[in-house]
Amino acid sequence: MSVHPIEYRYFYPEMKKLWTEENKLETWLKVEATLVKVHAKLGTIPQSAADEIVKKANLNFVKLDRVKEIEEEIQHDLMAMVNALTEVCDGEAKNYVHLGATSYDIEDTALALQLRDSVKIIENDLNELKGGLLNLASIHKETICIGRTHGQHALPTTYGMKFALWATEMKRHMERLDDVKKRILVGKMSGAVGTSASHGEKAEEINKLVMQELNLGQVLITTQVIQRDRHAELLMDLALIAATLDKIAKEIRNLQRTEIAEVMEPVKAKQVGSSAMPHKRNPHKSERICGLARIIKSFALTSLENVSLEHERDLTNSAPERIIYPETFILLDYMLRQMSQIMNGLEFNYGNIKRNLEMTKGLIMTEHVMNGLVKRGMGRQEAHEFLRNCSSEVIKTGKSLKEVLFEKGVSKYFTDEEMDWYLNPKNYIGNSIGLVENVIRTLGKS
């Protein structure tokens with residue numbers, strides 16, 4: 001029976017498969033097979049023995065149930081795999097399984113293979129989401145809306161700016177992942193304390209050839225384990241992605257508030273928002289993303305704790321890593337794909353966008369008016385104070401800014417038509433269209 005939600009709720013099959021017990025075992029066996037192939041190539045074991053081990057080092061011969069039976073007896077999961085592989089090998093091949101290796105030569109090298117496949121999926125997710133955001137940026141580069149700072153109406157902006165901004169963040173995440181791969185996609189065959197004593201005089205060649213066969217980088221020096229600063233860096237990069245998704249989802253949630261209601265998550269025809277209130281349409285996907293982001297961000301801290309292992313290694317990293325790696329990748333893959341679904345089906349209420357632009361009766365245009373007054377001869381600070389007082393009058397009386405400005409004598413600076421131009425939001429979005437188009441050009445090439 002399933003217990004954890006990543007088993008039955010928050011997952012997509014492609015990523016989940018990479019972190020199953022079966023795939024982990026198969027990856028261990030792949031590393032074991034590569035090791036004996038290199039041994040045979042260097043003449044340290046008979047070729048026939050290597051051929052037999054390679055033939056049997058897969059799930060067709062080594063069964064997960066048998067490995068678990070052995071582990072129950074010996075209380076060591078990697079050695080259980082070694083024993084199970086040895087059992088199914090014939091002849092002298094039994095003598096050479098796991099030759100010269102320590103557990104984490106296999107486990108850390110296999111982990112790098114799992115990480116490589118997992119990072120590739122995340123990169124594809126990021127690229128898909130980036131594409132969706134760029135598409136929205138293009139469609140909405142001229143969709144003017146109110147910009148908010150401190151939760152208050154500030155100046156006009158565009159929805160294209162929002163989407164372009166988020167797309168550039170996806171690009172940075174892709175760059176970070178690409179950069180960390182050279183430090184995380186590495187393996188080792190260096191023995192119990194990192195000296196490679198168990199491989200003798202051919203240790204350097206064995207380590208080099210195994211990593212070449214697996215298309216992994218080599219670690220220059222290590223203890224029994226690859227140092228966990230590498231893995232912590234990866235987990236922090238993944239936590240940054242989760243933080244961005246949290247930010248985007250929170251923006252969607254806020255924009256879907258009844259009082260704002262400018263955009264809404266896509267909704268299915270029979271979707272229910274509340275068991276009690278039939279009218280509810282909740283941003284539940286965005287809320288879920290925000291909630292799951294908390295889990296992933298917390299795992300970044302756990303990965304930092306795993307860096308400080310004692311002496312040549314202890315086991316304190318092992319149990320956390322069995323949790324934080326699969327959960328981080330499975331949940332982040334789920335969150336990225338869910339966010340792409342939200343973006344691809346996002347609904348816009350243009351009436352409410354216009355309503356909110358006009359809600360403050362012109363106050364959002366005070367900076368534009370101030371700049372206009374300076375051009376007409378008023379000092380900048382004098383103009384600022386004048387408009388601050390006029391704004392207070394608008395708030396107090398409920399009149400429009402235009403009404404108050406003309407009551408206060410602005411007609412000596414502007415005609416009625418000129419005032420309308422300064423109070424029109426479309427005339428104060430600066431270079432927003434150009435900025436968005438530049439993002440689309442730049443990121444579209446990558």
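Our structure is the block above this text.
This text gives an overview of the structure that appears in the document. (Residues numbered from 1 in each chain as written. Predicted model: local features only at pLDDT ≥ 70, side-chain atom pairs only at ≥ 80, totals over all residues. Heavy atoms only, no water.)

1. Section: helix H12 (residues 318–345)
Along its 28 residues, H12 runs 41 Å from first to last C-alpha, staying within 8% of the 40 Å computed at 1.5 Å per residue. Judged by how many residues are buried, H12 sits mostly within the fold: 21 of 28 residues are covered. (Helix = DSSP H or I, 4+ residues; strand = E, 2+ residues; numbered from the N terminus. Expected span 1.5 Å × (residues − 1). Buried < 20%, exposed > 50% of the residue type's maximum accessible area, 1.4 Å probe, protein only.)

2. Comments concerning the pattern of salt bridges
As enumerated under the stated definition, the model contains 31 salt bridges in all. For Lys-37, the salt bridge identified is with Glu-213, shortest N-O distance 3.9 Å. Taken together, the residues span a long stretch of sequence, with Lys-37 in helix H3 (residues 21–42) and Glu-213 in helix H9 (residues 203–214) at a distance of 176 residues. With relative accessibility at 39%, the residue Lys-37 sits in the partly exposed group. Under the relative-accessibility criterion, Glu-213 is labelled partly exposed at 48%. As a salt-bridge pair, Lys-402 and Asp-420 come within 2.7 Å of each other at their nearest N and O atoms. Of this pair, Lys-402 sits in helix H16 (residues 401–407) while Asp-420 sits in helix H17 (residues 416–422), and the two are 18 residues apart along the sequence. On the accessibility criterion, Asp-420 (37% relative accessible area) is partly exposed. By sharing partners, the salt bridges in this structure join Glu-14, Asp-125, Asp-333 and Arg-337 into a single network. (Salt bridge = Lys/Arg side-chain N within 4 Å of Asp/Glu carboxyl O.)

3. Brief notes about the packing of aromatic side chains
For the coordinates displayed, the defined rule picks out eleven aromatic pairs. Taking 6.2 Å as the distance between ring centres and 75° as the angle between the ring planes, the aromatic pair formed by Phe-163 and Phe-348 counts as edge-to-face. Note that Phe-163 is positioned in helix H8 (residues 159–184) and Phe-348 in strand E6 (residues 347–348), a separation of 185 residues in sequence. For the pair Phe-163 and Phe-348, a shared accessibility class is recorded, and that class is buried. In textbook terms, an aromatic cluster arises when at least three aromatic residues are bridged by ring pairs, as seen for Tyr-159, Phe-163, Trp-166, Phe-348 and Tyr-350. Over the ring of Tyr-159 we find Lys-162; its NZ or CZ atom is 5.7 Å from the centre of that ring. (Phe/Tyr/Trp six-rings, centres within 6.5 Å; stacked < 30°, edge-to-face > 60°. Lys NZ or Arg CZ within 6 Å of the ring centre and 35° of its normal.)

4. Some thoughts on the side chain of Ser-196
Position of Ser-196 among the secondary structure elements: in the loop between strand E3 (186–187) and H9. By relative accessible area, Ser-196 is classed as buried at 17%.

5. Points about the packing of H3 against helix H5 (residues 64–74)
For the pair H3 and H5, interaxial distance at closest approach is 10 Å and the crossing angle is 85°. Judged by the inter-axis angle, H3 sits roughly perpendicular to H5. When H3 is examined against H5, the residues Glu-21, Glu-22 and Leu-25 are found in contact with a partner set consisting of Leu-64, Val-67 and Lys-68. (Axes fitted to C-alpha atoms, helices over the stretch in contact; angles between N-to-C directions. Parallel < 35°, antiparallel > 145°, perpendicular 65-115°, else oblique. Contact = heavy atoms within 4.5 Å.)

6. Digging into the packing of helix H7 (residues 103–139) against helix H10 (residues 229–255)
H10 packs onto H7 with a crossing angle of 25° between their chain directions and a minimal axis gap of 13 Å. Accordingly, the angle class assigned to the pair H7 and H10 is roughly parallel. H7 and H10 meet at a crossing whose hand is left-handed. Counting all contacts with H7, which are made through Leu-111, Leu-115, Val-119, Ile-122, Leu-126 and Leu-129, the residues of H10 involved are His-231, Leu-234, Ile-241 and Leu-245. Across the contact of H7 with H10, the residue classes tally to nine nonpolar, one polar and no charged. (Left-handed = near helix turned anticlockwise from the far one by under 90°. Nonpolar A, V, L, I, M, F, W, Y, C, P; charged D, E, K, R; others polar.)

7. Examining the nonpolar core
Nonpolar side chains in soluble globular proteins tend to end up buried together. Formed by 108 residues in total, the largest nonpolar core has its most connected members in Phe-163, Leu-245 and Met-343. It is H7 that contributes the most residues to this core, 15 residues altogether. When near neighbours in sequence (up to four residues on either side) are disregarded, Met-343 contacts Leu-129, Leu-133, Leu-136, Phe-163, Trp-166, Ile-248 and Ile-252. Counting 26 residues, the second-largest nonpolar core is a separate cluster that includes Ile-364, Val-369, Leu-401 and Ile-429. (Core = buried A, V, L, I, M, F, W, Y, C linked by side-chain atoms within 4.5 Å.)

That is the geometry; function is a separate question.
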